[in-house]
Amino acid sequence: MRRIGVPLLAAVPVAIAAGIFFLSPSDSSESSEEPGTTSQSAVGEDAEAARSRAEEKRSADDKAIAALPPGLAAPAKKELAQQIVASAENSTLDWRTAYAYIEDIGDGQGYTAGIIGFCTGTHDLLTLVERYTKDHPDNGLARYLPALREVDGTDSHEGLDPGFTEAWKAEAKVEAFREAQDAERDRVYFDPAVRLAKLDGLGALGQFIYYDAMVFHGPGANATSFYGLRENAMKKADLPSEGGSEEAYLDAFLDVRKAAMRTRKADIDTTRVDTAQRRFLREGKLELETPLTWAVYGETYKVS
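Residues numbered from 1 in each chain as written. Predicted model: local features only at pLDDT ≥ 70, side-chain atom pairs only at ≥ 80, totals over all residues. Heavy atoms only, no water.

Asker: Now, about the sheet that holds strand β2 (residues 112–113): what can you tell me, with residues and values included?
Answerer: Pairing is antiparallel across the open sheet formed by three strands, whose spatial order is β1-β2-β3. Every interior strand has two partners, whereas the edge strands, β1 (102–103) and β3 (118–119), have only one. The pairing of β1 with β2 spans two bridges and is antiparallel. Its bridge partner being in β2, isoleucine 102 is matched across the sheet by alanine 113. (Pairing = 2+ DSSP bridges. Helix = DSSP H or I, 4+ residues; strand = E, 2+ residues; numbered from the N terminus.)

Asker: How would you explain the packing of helix α10 (residues 226–236) against helix α11 (residues 246–264) if you had to name every residue and give the values?
Answerer: Between α10 and α11, the least distance of the axes is 8 Å, while the angle of their chain directions is 130 degrees. Comparing the axis directions of α10 and α11 gives the class oblique. The crossing of α10 and α11 is right-handed. Between α10 and α11, the contacting residues are Phe226, Leu229, Arg230, Asn232, Ala233, Met234 and Lys236 on the first element and Tyr249, Ala252, Phe253, Val256, Arg257 and Ala260 on the second. (Axes fitted to C-alpha atoms, helices over the stretch in contact; angles between N-to-C directions. Parallel < 35°, antiparallel > 145°, perpendicular 65-115°, else oblique. Left-handed = near helix turned anticlockwise from the far one by under 90°. Contact = heavy atoms within 4.5 Å.)

Asker: Pulling in residues and values, what's your account of the pattern of salt bridges?
Answerer: Pairs may arise between side chains of opposite charge once their charged atoms sit close together. The tally for this structure, following the rule as stated, stands at 20 salt bridges. Put simply, arginine 272 and aspartate 212 hold a salt bridge, and the shortest N to O gap is 2.7 Å. Placement of the pair is arginine 272 in helix α12 (residues 271–282) and aspartate 212 in helix α9 (residues 204–217), with a sequence separation of 60 residues. On the basis of relative accessible area, arginine 272 is assigned to the buried category, the value being 2%. Here arginine 278 and aspartate 255 are joined by a salt bridge, their closest N and O atoms 2.8 Å apart. Within this pair, whereas arginine 278 is found in helix α12, its partner aspartate 255 is found in helix α11, the two being separated by 23 residues in sequence. (Salt bridge = Lys/Arg side-chain N within 4 Å of Asp/Glu carboxyl O. Buried < 20%, exposed > 50% of the residue type's maximum accessible area, 1.4 Å probe, protein only.)

Asker: Lay out helix α4 (residues 75–89) with the relevant residues and their values.
Answerer: Helix length check: α4, at 15 residues, gives a terminal C-alpha distance of 21 Å against a target of 21 Å (1.5 Å per residue), a fit within 8%. Leu80, Ala81, Gln82, Gln83, Ile84, Val85, Ala86, Ser87, Ala88 and Glu89 are the residues of α4 that are buried. One or two steps after α4, the chain reaches serine 91, where phi turns positive at roughly 55 degrees. (Expected span 1.5 Å × (residues − 1).)

Asker: Quick one: what's the story with the packing of aromatic side chains, residue by residue and with numbers?
Answerer: Scanning the entire structure with this criterion turns up 15 aromatic pairs. Between tyrosine 132 and phenylalanine 177 the ring centres are 4.9 Å apart and the planes differ by 50 degrees, which places this aromatic pair in the tilted class. Placement of the pair is tyrosine 132 in helix α5 (residues 124–135) and phenylalanine 177 in helix α8 (residues 175–199), with a sequence separation of 45 residues. As far as burial versus exposure is concerned, tyrosine 132 and phenylalanine 177 are alike and both buried. Between tyrosine 249 and phenylalanine 253, the ring centres sit 6.4 Å apart and the planes meet at 45 degrees, which makes this aromatic pair tilted. In this pair, tyrosine 249 and phenylalanine 253 both sit in helix α11, four residues apart, roughly one turn of the helix. The residues tyrosine 249 and phenylalanine 253 share a single accessibility class, namely buried. Among the aromatic residues, those joined into a cluster by ring pairs are Tyr111, Tyr132, Tyr144, Phe164, Trp168 and Phe177. In this structure, lysine 78 packs its charged tip against the face of phenylalanine 190, placed 4.8 Å from the ring centre. (Phe/Tyr/Trp six-rings, centres within 6.5 Å; stacked < 30°, edge-to-face > 60°. Lys NZ or Arg CZ within 6 Å of the ring centre and 35° of its normal.)

Asker: How would you summarise unusual backbone geometry if you had to cite specific residues and measurements?
Answerer: Note that the residue after aspartate 161, namely proline 162, is joined by a cis bond; omega there is 5 degrees. Mapped onto the fold, proline 162 is located in the loop between α6 (145–151) and α7 (164–171). Residue proline 291 is bonded to the preceding threonine 290 through a cis peptide linkage, with omega at 5 degrees. One non-glycine residue, serine 91, lies in the positive phi region at around 55 degrees. Mapping serine 91 onto the fold places it in the loop between α4 and β1. Residue classification places serine 91 among the partly exposed residues on the basis of a relative accessible area of 40%. With phi around 50 degrees, leucine 288 is a residue other than glycine that occupies positive phi space. Within the secondary structure, leucine 288 sits in the loop between α12 and β4 (292–296).

Asker: Now, about the nonpolar core: what can you tell me, with residues and values included?
Answerer: Ranked by internal contacts, the top residues of the largest apolar core, which has 77 residues, are Phe164, Trp168, Tyr210, Tyr211 and Leu288. Top contributing element to this core by residue count: α9, with 10 residues. Every residue in contact with tyrosine 210, bar those within four places of it in the chain, is listed here: Ala193, Leu196, Ala197, Asp200, Leu202, Phe226, Arg230, Leu239, Tyr249 and Phe253. (Core = buried A, V, L, I, M, F, W, Y, C linked by side-chain atoms within 4.5 Å.)

Here it is in structure tokens:
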């Protein structure tokens, strides 16, 4: 379900991006600029200063996060998060059964597979197999890499059928591949979502809401991707880190997210928001305190 692929400039400070675009490969030690123009060395200095500021900001953020409770990153909470996501993604609480899952669900993103719904059409499945192959070059999926690169960004199965689905299921029996799925889930979805939610002043529920949105919408910057959702929610309510109400902000975020889901497909089932996350919020479970009861797609789940 993910539409991944953050634009470069959405993930890089503006000053750094400017340095990337304006530094000339033929830069010489002698200045030939006319009066009133910005020298290439000055642009380079600005880019370096921006990098330094970004590193300092990240270091400060790391220290702030280290001083906070583990939240959703605590082992029991992380397990609970995977269960709730699996109830929506795979209609089960036993999320580990999904390592071998693979099918085309007809959403225009090719094959959806694995514990977090990596897709052949949204780059994340390709990245997973590339990274896994780097460490395990003789794996059973490596031979499909040329085809995966060709179909990336499309819903095509060309070069994948008929063997790719069986190869995926077979590889899912290998512990190293299951570990690779876990690592890629954390690297792309879980860790960035939890980190940002903590910086935004959100507890375990807010961290989960960010995580589930990152999984479903992808970590992009457009209006229906995660960072776009956050920007729109911030226009409706202040972040808790800026003195706003946590409940009000999360309510606004869920409103924005539900609207984005319907933008994609008018008749989409939004119960993962309505009768799961919204229910937790309404019940005041800001730290995802158990017991929890929720419903997705008409099926009720309980964790005691």
